Amino acid sequence: MDNFKTEVEASLAVLGADSIELLRRCDLLKSLVQRLFIKEATKNINLPNELIMNCLKNHCQQEGLRDEKELKTWLEEHALSKEELLEQVSLPSKLSQLAIDWFDSQAETRFLERKESLDQATYSLLRVQDSGLAHELYLQLEAGEADFESLAKQYSEGPEKTIAAKWGLPV
């Protein structure tokens, strides 16, 4: 991490105080520092050429570029070289790989630490006053003679019946 900081500081030092001040006033300095940090963090990640070409292909599809000539025109309009574009379009894949490299070994432990706060339960409710009816409905569900949603719409006596009907939700 200290090496990243040193590299980013070195890149900024090349700009000079006036340029840094201009970037700060235009609220661009933070974005630049973030980009420099990301570039430094991902510089040693080498993606397979096939993946990079897929990233380029996806970019060309999104931009409506059908051939090399249109790509070349687009590059000129955006003042980019093809290498710079390849670097930009492959950055999300590099960041994904970086996240895996840095955090994969910690993911399961972190999940287990937070599991209780992440657990969720979903339940369905069918309220009836008559215990005999409740038992009969249970037996119908158990035997597969009826589905819960239709029984709840027909027999439920609680407010969930009208809420579910109003929103078209299963009860």
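Right above here is the structure, for reference.
The following paragraphs examine the structure supplied in this document. (Residues numbered from 1 in each chain as written. Predicted model: local features only at pLDDT ≥ 70, side-chain atom pairs only at ≥ 80, totals over all residues. Heavy atoms only, no water.)

1. Section: unusual backbone geometry
In this model, D27 sits at a positive phi of 60 degrees, which is unusual for a non-glycine residue. Among the secondary structure elements, D27 is positioned in the loop between α2 (17-25) and α3 (29-42). Its relative accessible area of 62% is what places D27 among the exposed residues. A positive phi angle, close to 50 degrees, is found at A79, a residue other than glycine. By secondary structure assignment, the location of A79 is in the loop between α5 (68-77) and α6 (82-118). (Helix = DSSP H or I, 4+ residues; strand = E, 2+ residues; numbered from the N terminus. Buried < 20%, exposed > 50% of the residue type's maximum accessible area, 1.4 Å probe, protein only.)

2. Some words on the nonpolar core
Among the nonpolar cores identified, the biggest contains 17 residues, and L56, C60, L65, L71, W74, L75 and L85 are the most heavily contacted of them. Sorting the residues of this core by element identifies α4 (49-63), α5 and α6 as the ones contributing at least two each. (Core = buried A, V, L, I, M, F, W, Y, C linked by side-chain atoms within 4.5 Å.)

3. Some words on α5
Owing to its 3.6 residues per turn, the α-helix aligns residues three or four sequence positions apart on the same side. The complete set of buried residues in α5 reads L71, W74 and L75. Around the axis of α5, the buried residues are gathered within 100 degrees of arc, so they sit on the same side. In α5, the exposed positions angled more than 90 degrees off the buried face are occupied by K69, K72, E76 and E77. The secondary structure elements touched by the buried residues of α5 are α4 and α6. N-cap assignment for α5: the residue whose side-chain oxygen lies 3.2 Å from the backbone N of K69 is D67. In the segment just after α5, A79 is the residue with positive phi, at about 50 degrees. (Arc of directions from axis to C-beta. Contact = heavy atoms within 4.5 Å. Polar contact = N/O pair within 3.5 Å; in protein donor to acceptor, adjacent residues only side chain to side chain.)

4. Considerations on the pattern of salt bridges
Under the definition given, this model contains 9 salt bridges. Between K153 and E149 there is a salt bridge, with its nearest N and O atoms 3.1 Å apart. Taken as a pair, K153 and E149 lie in helix α8 (residues 148-155) at a separation of 4 residues, close to a single helical turn. Since its relative accessible area comes to 30%, E149 is described here as partly exposed. Each of E21, R24 and R25 takes part in one network of salt bridges that share partners. (Salt bridge = Lys/Arg side-chain N within 4 Å of Asp/Glu carboxyl O.)

5. Structural notes on the environment of L91
You can see L91 is positioned in helix α6. Judged by relative accessible area, which is 18%, L91 ranks as buried. Note: C-alpha distance between L91 and L23 (68 residues apart in sequence) is 23 Å. Apart from residues lying up to four places away in sequence, L91 is in contact with I38 and T42.

6. A short note on a nonpolar patch on the surface
On the surface, F111, L112 and L118 cluster together to form a nonpolar patch covering roughly 280 Å² of accessible area. Of the residues examined, F111 reaches a relative accessible area of 43% and is grouped as partly exposed. (Patch = residues over 30% accessible without salt bridge, like charges linked within 9 Å, V, L, I, M, F, W, Y side chains within 5 Å. Areas by Shrake-Rupley, 256 points an atom, 1.4 Å probe, with all protein chains shown as cover.)

7. With respect to helix α7 (residues 131-143)
The end-to-end C-alpha distance of α7, which contains 13 residues, comes to 18 Å, matching closely the 18 Å that a straight helix rising 1.5 Å per residue would cover. Directly after α7, the chain includes G144, whose backbone phi takes a positive value near 80 degrees. (Expected span 1.5 Å × (residues − 1).)

8. Quick word on the state of the cysteines
Evaluated as defined, the whole model comprises 0 disulfides. Between C55, a cysteine without a disulfide, and C60, which holds the nearest cysteine sulfur, the sulfur-to-sulfur distance is 11 Å. Owing to a relative accessible area of 12%, C60 belongs among the buried residues under this scheme. (Disulfide = S-S within 2.5 Å.)

Honestly, that's just the spatial picture; any functional story needs more than this.
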